[in-house]
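Given next are the chains, with one letter for each unit.
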Amino acid sequence: MISNDQMSKAFQWLNDIDNAVTNAKRIEQELRNQIQRLVAKGDQYEADAEELRSLNSKLNRQNAELKHELYLTTKAHMAEVGALRARTEDLLRTNHELNKELNSAQQQIDGLLQRV
């Protein structure tokens, strides 16, 4: 037959087991909650990363478009500069020729005035 002491120890042992099971279930639930939070964070990080990849792709396209536009604008401006340079050189030649004609006319006038 089981003594009262053995019965008391058995109940204490069962109580300890019950407490251990309760603690294990609580810990298991806390771990499940942590896992759910981590999975949710992971999903959010993945969504954020996808959004950042999409934004980066969009910015890369815009950057390429702006570079191309800058290239075309620079090319057009360089053509304008070339045309202005050619026109300036033409005007300088014309000015030089007119100065020569003016000097010649001035010399003719001076010659005529000396004869008078």
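Residues numbered from 1 in each chain as written. Predicted model: local features only at pLDDT ≥ 70, side-chain atom pairs only at ≥ 80, totals over all residues. Heavy atoms only, no water.

A. Representation of the overall build of the protein. Counting its regular elements, the protein contains 1 helix and 0 strands. For 116 residues, the compact-globule estimate of 2.2 N^0.38 gives 13 Å, and the protein exceeds it by more than 25% at 49 Å. Each principal axis of the C-alpha atoms in the protein carries an extent, and together these give about 165 × 25 × 10 Å. Working note: accessible area of the protein is about 10900 Å², and carbon and sulfur atoms make up 57% of it. Positive and negative charge centroids in the protein, built from 16 and 18 side chains respectively, lie 3 Å apart. (Helix = DSSP H or I, 4+ residues; strand = E, 2+ residues; numbered from the N terminus. Rg over C-alpha atoms; globule rule 2.2 N^0.38 Å. Areas by Shrake-Rupley, 256 points an atom, 1.4 Å probe, with all protein chains shown as cover. Lys, Arg positive; Asp, Glu negative; His and termini not counted. Charge placed at Lys NZ, Arg CZ, Asp CG, Glu CD.)

B. Geometry of the pattern of salt bridges. Counted according to the given criterion, the structure contains 6 salt bridges. Note that Lys9 and Asp5 form a salt bridge whose closest N and O atoms lie 3.7 Å from each other. One end of the pair, Lys9, and the other, Asp5, are both in helix H1 (residues 4-115), 4 residues apart, so they sit about a helical turn from each other. The closest approach of N and O atoms between Glu30 and Arg26, which form a salt bridge, is 2.9 Å. Here Glu30 and its partner Arg26 are both found in helix H1, 4 residues apart, which amounts to about one turn of the helix. Assessed through its relative accessible area of 40%, Glu30 is described here as partly exposed. Because the salt bridges share partners, they merge into one network encompassing Arg87, Asp90 and Arg93. (Salt bridge = Lys/Arg side-chain N within 4 Å of Asp/Glu carboxyl O. Buried < 20%, exposed > 50% of the residue type's maximum accessible area, 1.4 Å probe, protein only.)

C. Summary view of a nonpolar patch on the surface. The grouping of Ile2, Met7, Phe11, Trp13, Leu14, Ile17 and Val21 at the surface amounts to a nonpolar patch, some 710 Å² of accessible area in total. With respect to the element layout, Leu14 can be found in helix H1. Taking relative accessible area as the criterion, Leu14 reaches 47% and is therefore assigned partly exposed. (Patch = residues over 30% accessible without salt bridge, like charges linked within 9 Å, V, L, I, M, F, W, Y side chains within 5 Å.)

D. Layout of the environment of Glu89. If you trace the backbone, Glu89 turns up in helix H1. Residues Glu89 and Asn19, 70 residues apart in the sequence, show an inter-C-alpha distance of 101 Å.

E. Quick peek at the environment of Ala76. Topologically, Ala76 is positioned in helix H1. Overall, the relative accessible area of 36% leaves Ala76 in the partly exposed class. Between the alpha carbons of Ala76 and Arg87 there is a distance of 16 Å; along the sequence they are 11 residues apart.

F. Here's a closer look at the environment of Leu72. Positionally, Leu72 belongs in helix H1. Under the relative-accessibility criterion, Leu72 is labelled partly exposed at 44%. Taking the C-alpha atoms as reference, Leu72 lies 20 Å from Arg85; in sequence the two are 13 residues apart.

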